[in-house]
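Structural overview
Single-letter residue listing:
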Amino acid sequence: MGKPEIAVAGVLLAIVVILAGARSVHYLLFHTMAELFAIVVSLCIFVLTWTSSRYLLNGYLIVLGASYGAIGLVDIFHTLTFKGMNLFPGVSTNYPTQFWLTARYLEAIALLCGPLVIARRPNFALVSMGFAAAALVACAAVMLQWFPTTFVDGVGLTPFKVNSEYVIIAMLVAGFILLYRRRRQFESRIFLLLAGSLWLAMATEVCFTRYAGFYDFTNELGHYFRFLSVALAFIAVVFSGVRQPFELIFREMDENKRLLVELNEMLAKSEERYRTAFVTSPDAFTITRVADGQYVDVNDGFIDTFGWARDEVIGRTESQIGIWRNPQDRRRLVDALQTNDYCKNLEVELVTKAGSVITSLVSAHAITIAGDRCLLSVTRDISDLKQAEAALHEADRRKNAFLAMLGHELRNPLAPISNAVEILRHIGLTGVQFSWCRDVIARQTQHLTRLVDDLLDLSRITRGKVELRLERLDVADILDRALETSQPLIDARRHALTVHRPHAPIQVQGDAIRLAQVVSNLLANAAKYTDEGGQIGLTAERDHDEVRIRVCDTGHGLDSAVLPHLFELFYQVDDTLDRAAGGLGIGLSLVKHLVDLHGGTVQVFSEGRGHGSEFVICLPCLPARPASALEDAIAPAPNQGGLCVLIVDDNRDAADSLALLLDAAGDRALTAYDGETALTVAYAERPQVVLLDLGLPGLDGYAVAQRLRQHQQTELPALRLIALTGYGDPESRQRSRAAGFDMHLIKPVDIATLQCLLAEYRNGVA
């Protein structure tokens, strides 16, 4: 036994040990890994046979390789529908057994028919399509439940299943007999590998006639035999499909080299015919010396592509004109030609005369001209193709991101709706309980409607733009909404939830649905990534001008290396348990995106694996709402002098209506509809407060604020600048602070908030 055989045996033994370890953890893990190993090997057999089919002289190996593509695909369905995977709701334990039987019939047919066509070399594509069609028909029969029942819970295998296994065993025995009669068509060790694969397949089928439950020892033993059977078949195909055809490949390469020499001779004898082919090609043809890269000749395609005239390059070297953006690419090209005399489709970056860089595919042959070793190179500009490919990948990425976000956002409100419906089915509900269910359904239905409205706007979603519907919110209400969505999952996993609401009302400006979604996403993550019976904490507290919402758990915890990447789109922690918990890797990215839109931050802390994690959301607080209602807020404030307030907005209705409200509250309101007019009115009337829109025609709000601040000490000593705008992103807030604004409010402004600010200004607090 040589080193390759020892290495193969070591790999197989290692895989068996891994499977045994997986079995000691959980049978579902063992079954999934065993099937995946067998599926990967099956598909490798198919791909290897496909790539080497033109060199295979043995029809048996062609049929065997062609069949394993369809077998592998059917085994994928068997694995995904297996009991415990829970990927297809409503699928019974009968399905995986039916898919298993389908795959084994296909395998038995291939092993029975293969010996009959050993010397015929059937068409690989036709055989593959035949097996694929049979697999599709059988899978459709299973999914539509036209396939006979093979397994009954509590009973075990049906007579059809057991008898089918015996039929398959008989087919395998017949296949072995036929193979044995034609054993001289194979090398001895390849025949032994194929025979061993057949006997292991028979042993597999015997095991699967004996079990009554999915976790029986015979079921487990059958999976070991199944993997080893496929592995031996793969080794046989490797020896037959890779090593032997290399002799044909080398002969073909020698023939190509001989033809290339003849072509060089023809080139020297028939310059005119060569020149016709050389000149008329739209691709860039060049002949350069290998030693120094000196140009011997170029065609019109080169001139059109790179911009140099023929006399500018003939006699000069490639390094002198600087055509290689990376000189190492030429070295790679020359090195490849040292062994093969040709190089195909080497992707490089080349520089034109104008200095622009183009991506090109270069193919070259080594030729001899007047005793000098030269390169005959063909260069094709693929810059447009690469740009189109990049655009296609970006479009596909955006599509996938959209579909992932669609599914993620639509599922969140379904949990409370489903719970409310289940409660309504009970008889004897009190009026309070009925009203609660009605309110939950109405609120979550409104949530779904809002989400559908947002997600249907494809152009906005693909650009990453989500419209926020801002209002004054109580943080306690946000927590309640989030708990309403997340509580069923928390209860289902039997976690102990501790909630600490703020002692006094804390208010923020934001989108109620989006902020509740942020908190519920974090709670759902805590529930999923904490072992059952864990502890989850939800806390909200004020810290100066911010509110901090904390979600902590006693779950799996996080390594410090993953913390910087945790909020990236599609990022998932590389851990089996994490992947088993599901998720598309968009939840935390969505959390960060939404928090950023609200002008806040989100951070994650963890002391490492097994020590839980803590997520902290920070949002800016609003000033406390006045005790009076809105009608009281717009009434004149008693015992206080009114302020002179300048309202600047190009929306006349918005400016005039706000002026009426402030007049009614006892202030003196002035209006201006553009930046220049605002400056004129401000210098003439000297207002104490300016409510300034940012998106003004001509002179925008930032420029107006900067000019007013320049004259503040001399003409406007007590001026307060408040940005009143529809832009609430962090960049706009930062620009407004830099321009000199004291406050940044988002339209539509909460009247009570504005009245509170003006009251503080009247009293000289701010």
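Rules and cut-offs
Residues numbered from 1 in each chain as written. Predicted model: local features only at pLDDT ≥ 70, side-chain atom pairs only at ≥ 80, totals over all residues. Heavy atoms only, no water. Helix = DSSP H or I, 4+ residues; strand = E, 2+ residues; numbered from the N terminus. Buried < 20%, exposed > 50% of the residue type's maximum accessible area, 1.4 Å probe, protein only. Contact = heavy atoms within 4.5 Å. Areas by Shrake-Rupley, 256 points an atom, 1.4 Å probe, with all protein chains shown as cover. Pairing = 2+ DSSP bridges. Axes fitted to C-alpha atoms, helices over the stretch in contact; angles between N-to-C directions. Polar contact = N/O pair within 3.5 Å; in protein donor to acceptor, adjacent residues only side chain to side chain. Core = buried A, V, L, I, M, F, W, Y, C linked by side-chain atoms within 4.5 Å. Expected span 1.5 Å × (residues − 1). Salt bridge = Lys/Arg side-chain N within 4 Å of Asp/Glu carboxyl O. Phe/Tyr/Trp six-rings, centres within 6.5 Å; stacked < 30°, edge-to-face > 60°. Parallel < 35°, antiparallel > 145°, perpendicular 65-115°, else oblique. Left-handed = near helix turned anticlockwise from the far one by under 90°. Nonpolar A, V, L, I, M, F, W, Y, C, P; charged D, E, K, R; others polar. pLDDT = per-residue confidence, 0-100.

Secondary structure assignment for the chain yields 28 helices and 19 strands. Every one of the 766 residues in the chain was classed for burial, and the buried ones make up 46%. For the chain, the share of sequence-separated contacts (at least 6 apart) that also reach a separation of at least 24 residues comes to 66%. Total accessible area on the chain is roughly 38200 Å²; 58% of this is exposed by carbon and sulfur atoms.

Time to look at the sheet that holds strand 9 (residues 496-500). Ordered by their spatial adjacency, five strands build an open sheet running 9-11-12-14-13, and the pairing between neighbours is mixed. Of all strands in the sheet, those with a lone pairing partner are strand 9 and strand 13 (601-605), marking the two edges. If you compare each strand with its neighbour and ignore which way they point, the axes differ by 15° on average. Here strand 9 runs beside strand 11 (residues 535-543); their pairing, made up of five bridges, is parallel. Each residue of the ladder has a partner; that of V499, found in strand 11, is L538.

Moving on: the side chain of S486. Within the secondary structure layout, S486 lies in helix 18 (residues 475-492). Polar contacts involving the side chain of S486 include one to the main-chain carbonyl oxygen of S520, which spans 3.2 Å.

A few words on the sheet that holds strand 18 (residues 720-725). In spatial order, the strands read 16-15-17-18-19; together these five strands make up an open sheet with parallel pairing. Each edge of the open sheet carries a strand with a single partner, namely strand 16 (668-672) and strand 19 (743-746). Taking each pair of neighbouring strands and ignoring which way they run, the sheet shows an average axis angle of 20°. Here four bridges tie strand 15 (residues 644-648) to strand 17 (residues 689-692), and the two strands are oriented parallel to one another. Along strand 17, the bridge assignment pairs V645 with V689.

Judged by nonpolar contacts, the single largest core of 65 residues is most densely connected at Y60, L64, L172, F186, L194 and L198. Only helix 1 (3-25), helix 2 (27-52), helix 3 (59-80), helix 4 (94-113), helix 5 (124-143), helix 6 (159-181), helix 7 (188-207) and helix 8 (217-269) provide two or more residues apiece to this core. Top contributing element to this core by residue count: helix 3, with 10 residues. In contact with L198, other than residues within four places in its own chain, are Y60, L111, L172, G175, F176 and L179. Ranked by size, the runner-up nonpolar core spans 39 residues in total, among them I490, A527, L566 and L594.

For the rest of this paragraph, the subject is helix 19 (residues 512-528). With 17 residues, helix 19 ought to run about 24 Å at 1.5 Å a step, and its terminal C-alpha atoms sit 24 Å apart, in line with that. Most of helix 19 sits out of view: 15 of its 17 residues are buried. Among the residues of helix 19, the N-terminal cap falls to D511, whose side-chain oxygen and the backbone nitrogen of I513 are separated by 3.0 Å.

This paragraph deals with the pattern of salt bridges. Per the stated rule, a full pass over the model turns up 25 salt bridges. The closest approach of N and O atoms between R226 and D75, which form a salt bridge, is 2.7 Å. Of this pair, R226 sits in helix 8 while D75 sits in helix 3, and the two are 151 residues apart along the sequence. In this pair, the class of R226 matches that of D75, namely buried.

Moving on: the packing of aromatic side chains. The geometry of an aromatic ring pair is captured by the separation of the ring centres together with the interplanar angle, meaning the angle of the planes. According to the stated counting rule, one finds 11 aromatic pairs in the structure shown. Arranged with centres 6.3 Å apart and planes meeting at 35°, the rings of F176 and Y180 form a pair that is tilted. Residue F176 and its partner Y180 are both found in helix 6; the two are separated by four residues, about one turn of the helix. The exposure class of F176 is buried, given its relative accessible area of 17%. Measuring from centroid to centroid gives 6.3 Å for F567 and F615, while their planes differ by 90°, and the two rings are edge-to-face. Residue F567 is found in the loop between strand 12 (546-553) and helix 20 (576-580), and its partner F615 is found in strand 14 (residues 613-620); the two are separated by 48 residues along the sequence. A relative accessible area of 13% means that F567 is categorised as buried.

Turning our attention to the packing of helix 4 against helix 5. In contact at an axis separation of 10 Å, helix 4 and helix 5 are set at 160° when each is read in the N-to-C sense. The angle between helix 4 and helix 5 falls in the class roughly antiparallel. In this structure, helix 4 meets helix 5 at a crossing whose hand is right-handed. Side by side, helix 4 and helix 5 meet where Y95, Q98, F99, T102, L106, I109 and A110 of the first sit next to F131, A134, A135, A138, C139, V142 and M143 of the second. Residue composition of the contact of helix 4 with helix 5, grouped by class: 12 nonpolar, two polar and no charged.

The subject of this paragraph is the environment of H565. With respect to the helices and strands, H565 occurs in the loop between strand 12 and helix 20. Residue classification places H565 among the partly exposed residues on the basis of a relative accessible area of 33%.

Moving on to unusual backbone geometry. A positive phi angle, near 60°, is found at Q145, a position not held by glycine. On the secondary structure map, Q145 appears in the loop between helix 5 and strand 1 (151-152). With a phi close to 50°, R686 is a non-glycine residue in the positive phi region. Secondary-structure assignment places R686 in the loop between helix 24 (675-685) and strand 17.

It is worth spelling out the confidence of the model for the chain at this point. Model confidence for the chain is summarised by a mean pLDDT of 80, while 83% of its residues fall at 70 or above. Across residues 456-462 the pLDDT falls below 50, and counting only partners more than four positions away or on other chains, this stretch makes 11 contacts in the model. Below pLDDT 50 for its whole length, residues 575-584 participates in 16 contacts with residues either more than four positions away or in separate chains.

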